[in-house]
Amino acid sequence: MTSTSELAALDRRTLVHPHTTIGAPAEPLILDRGEGALLWDTEGRRYIDGTCGLWQCPVGHGRTELADVAAGQIRRLEFYSSFGDYSNAPSIHLAERLLSLAPAGLERVFFTNGGSEGNETAIKLARLAFHHAGSPERTVVLARTGGYHGMGGASLAATGIEGLRAGFGPLLPDVEWLGKPHAIEYGPDAADVLVAELEQRIAEIGAHRIAAFIGEPVLGVGGMVPPPDGYWPRVQEVLRRNGILLIVDEIVTAFGRTGHWFGSHHFGIEPDMIVTAKGITSGYVPMGAVLIGRRVLDLADGATFLHGFTYNGHPVGAAVALANLDIIERENLLERARVLGARLRERLDPLTELAHVREVRGVGLMLGIEFTGVPTASVQSGCRADGVVVRASGTSIVLSPPLVITEDQIDTLADVLCRHVAAAAS
């Protein structure tokens with residue numbers, strides 16, 4: 001059996017990890033197994049998972065029923081292309097299930113392998129729809145500072161975190177930026193300011209040139225930032241009045257994270273497209289989906305969508321997704337997200353009394369702690385040394401544990417985190 005030290009050395013010699021420095025490999029934490037909201041490394045050390053890896057595992061780790069579903073589907077039909085007129089039963093049933101759970105007005109599904117691909121798809125489809133409908137000048141995409149939409153050509157171009165775009169050269173043109181929808185940045189009139197900015201930018205650009213607005217219900221990588229009160233209904237009204245499509249990126253917020261099937265339900269959003277991934281299978285198999293509304297379908301009616309990915313509608317992914325949705329429903333994880341999110345928020349709120357804590361915020365079981373003048377990486381590493389995995393994201397620590405986390409685990413997570421946050425300024 002390969003030892004942990006041998007695995008670590010092999011990792012450093014052979015792998016380039018995402019978001020690491022090329023030529024300077026870090027010492028890896030090599031995980032061995034997981035169960036519920038717990039992880040174990042190859043040395044047998046146990047950790048409470050406060051992040052779901054990258055927010056993708058609402059039903060928790062080690063669900064043998066999902067492994068059994070995957071194995072059964074592999075034995076039956078492991079894969080076949082969904083291009084053209086080929087299909088498979090799991091993907092058909094999954095599309096029907098997703099549309100039954102989604103906000104009203106979404107009528108078709110295009111499957112992907114993940115979130116970046118989903119946002120690539122939605123942006124391309126928005127442009128194609130207007131081109132086909134006789135408005136080829138509608139190419140502009142409105143995006144927001146602090147938003148994160150992926151690492152592809154279009155999805156990265158629409159990502160409003162400047163450091164992530166640096167060094168990659170020209171990206172998708174015609175992306176125009178709006179302010180970060182963060183109430184603390186603008187004060188009590190934040191929604192008024194942001195909506196006025198949106199209307200001004202539309203007037204400057206010309207509504208006749210704008211295809212779509214893309215945004216997350218709650219900023220994820222941008223720090224788990226909920227929008228100001230009343231923001232989304234007002235944004236939606238402005239977009240509709242100007243004939244602009246609304247793409248809602250629910251890669252993080254869908255499938256229970258906010259206490260609802262979709263974050264759009266929580267905020268009263270009626271999207272023209274929803275992009276999902278991560279929680280659709282709880283990360284057990286890579287998969288994503290774009291849910292497409294009637295306005296887009298009408299604009300694009302008769303157009304050929306020359307776009308796709310090899311593993312579109314993968315039958316194993318679809319079968320696992322269906323079983324995953326059954327677990328979320330059967331175990332009432334939407335309600336659990338609301339209850340446990342409130343418990344965790346209550347435990348973390350006293351941190352706002354510390355001078356270096358700017359804000360504690362969140363929706364459902366997704367929370368952020370924003371700091372001033374404190375290196376978040378030190379909080380992250382301190383927590384991990386004490387058996388709790390959290391994520392540093394810019395000036396914030398973000399939390400999104402599995403929805404199956406227990407109350408005792410929530411309390412331990414909070415105790416460890418509070419201890420390291422308090423110590424961070426000393």
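Reading the values: rules and limits
Residues numbered from 1 in each chain as written. Predicted model: local features only at pLDDT ≥ 70, side-chain atom pairs only at ≥ 80, totals over all residues. Heavy atoms only, no water. Helix = DSSP H or I, 4+ residues; strand = E, 2+ residues; numbered from the N terminus. Expected span 1.5 Å × (residues − 1). Buried < 20%, exposed > 50% of the residue type's maximum accessible area, 1.4 Å probe, protein only. Arc of directions from axis to C-beta. Contact = heavy atoms within 4.5 Å. Salt bridge = Lys/Arg side-chain N within 4 Å of Asp/Glu carboxyl O. Pairing = 2+ DSSP bridges. Patch = residues over 30% accessible without salt bridge, like charges linked within 9 Å, V, L, I, M, F, W, Y side chains within 5 Å. Areas by Shrake-Rupley, 256 points an atom, 1.4 Å probe, with all protein chains shown as cover. Polar contact = N/O pair within 3.5 Å; in protein donor to acceptor, adjacent residues only side chain to side chain.

Asker: Looking at this model, I keep getting lost on helix α9 (residues 190-205). Mind explaining?
Answerer: Since the α-helix packs 3.6 residues into each turn, any two residues three or four apart lie on the same face. Here α9 spans 22 Å end to end across 16 residues, near enough to the 22 Å set by a 1.5 Å rise per residue. Among the residues of α9, Ala-190, Ala-191, Leu-194, Val-195, Leu-198, Arg-201, Ile-202 and Ile-205 are the ones counted as buried. Buried residues of α9, seen end-on, are gathered within an arc of 125 degrees and therefore sit on one face of the element. For α9, the exposed residues set more than 90 degrees away from the buried face come down to Ala-203 and Glu-204. Those residues of α9 hidden inside the fold are in contact with β5 (140-144), β6 (175-178), α8 (183-186), β7 (210-215) and α10 (231-241).

Asker: I would appreciate a short explanation of the pattern of salt bridges in the present structure.
Answerer: Pairing between side chains becomes possible if they bear opposite charge and their charged atoms approach one another. Scanning the model with the defined rule gives 27 salt bridges in all. Between Asp-272 and Arg-295 there is a salt bridge, with the nearest N and O atoms lying 2.9 Å from each other. Of this pair, Asp-272 sits in the loop between α11 (263-267) and β9 (273-276) while Arg-295 is found in helix α12 (residues 294-300), placing the two residues 23 residues apart along the sequence. Overlapping salt bridges bring together Glu-185, Arg-358, Glu-359, Arg-361 and Glu-370 as one network.

Asker: Looking at this structure, I do not really get the pairing of strand β3 (residues 46-49). What am I missing?
Answerer: The side chains of a regular strand alternate, first on one face of the sheet and then on the other. With three bridges connecting them, strand β2 (residues 38-41) and β3 associate as antiparallel partners. The residue bridging Leu-39 from the neighbouring strand is Tyr-47, located in β3. The turn joining β2 and β3, which pair antiparallel and follow one another in sequence, is formed by four residues; a positive phi near 90 degrees is taken by Gly-44. With two bridges joining them, β3 and strand β13 (residues 388-389) adopt parallel strand pairing. From the neighbouring strand, Ile-48 faces β13, where its bridge partner is Val-388.

Asker: How should a nonpolar patch on the surface be read in this particular structure?
Answerer: A grouping of Leu-77, Tyr-80 and Tyr-86 is seen on the molecular surface, where their side chains present a nonpolar patch of about 310 Å² in accessible area. Looking at the secondary structure, you find Tyr-80 in the loop between α3 (64-76) and α4 (89-101).

Asker: Looking at this structure, how should I read the side chain of Asp-249?
Answerer: Along the polypeptide, Asp-249 turns up in strand β8 (residues 245-249). A distance of 3.0 Å separates the side chain of Asp-249 from the side chain of Asn-119, its partner in a polar contact. Within the local environment of Asp-249, its side chain forms a polar contact with the side chain of His-149, the two groups lying 2.7 Å apart. Non-local contacts of Asp-249, meaning those with residues more than four positions away in its chain, are made with Asn-119, Tyr-148, His-149, Gly-215, Glu-216, Pro-217 and Val-275.

Asker: Any chance you could explain the pairing of β9 here in plain terms?
Answerer: Burial along β9 is two-sided: Met-273 and Val-275 facing one way and Ile-274 and Thr-276 facing the other are all buried. In the sheet, β8 pairs with β9 via three bridges, with the strands oriented parallel. Bridged to Asp-249 within β9 is Val-275. Where β9 and strand β10 (residues 288-293) come together, four bridges link them in antiparallel fashion. In the strand pairing of β10, Ile-274 is matched with Leu-291.

Take it as geometry only, folks, not as evidence of what the structure does.
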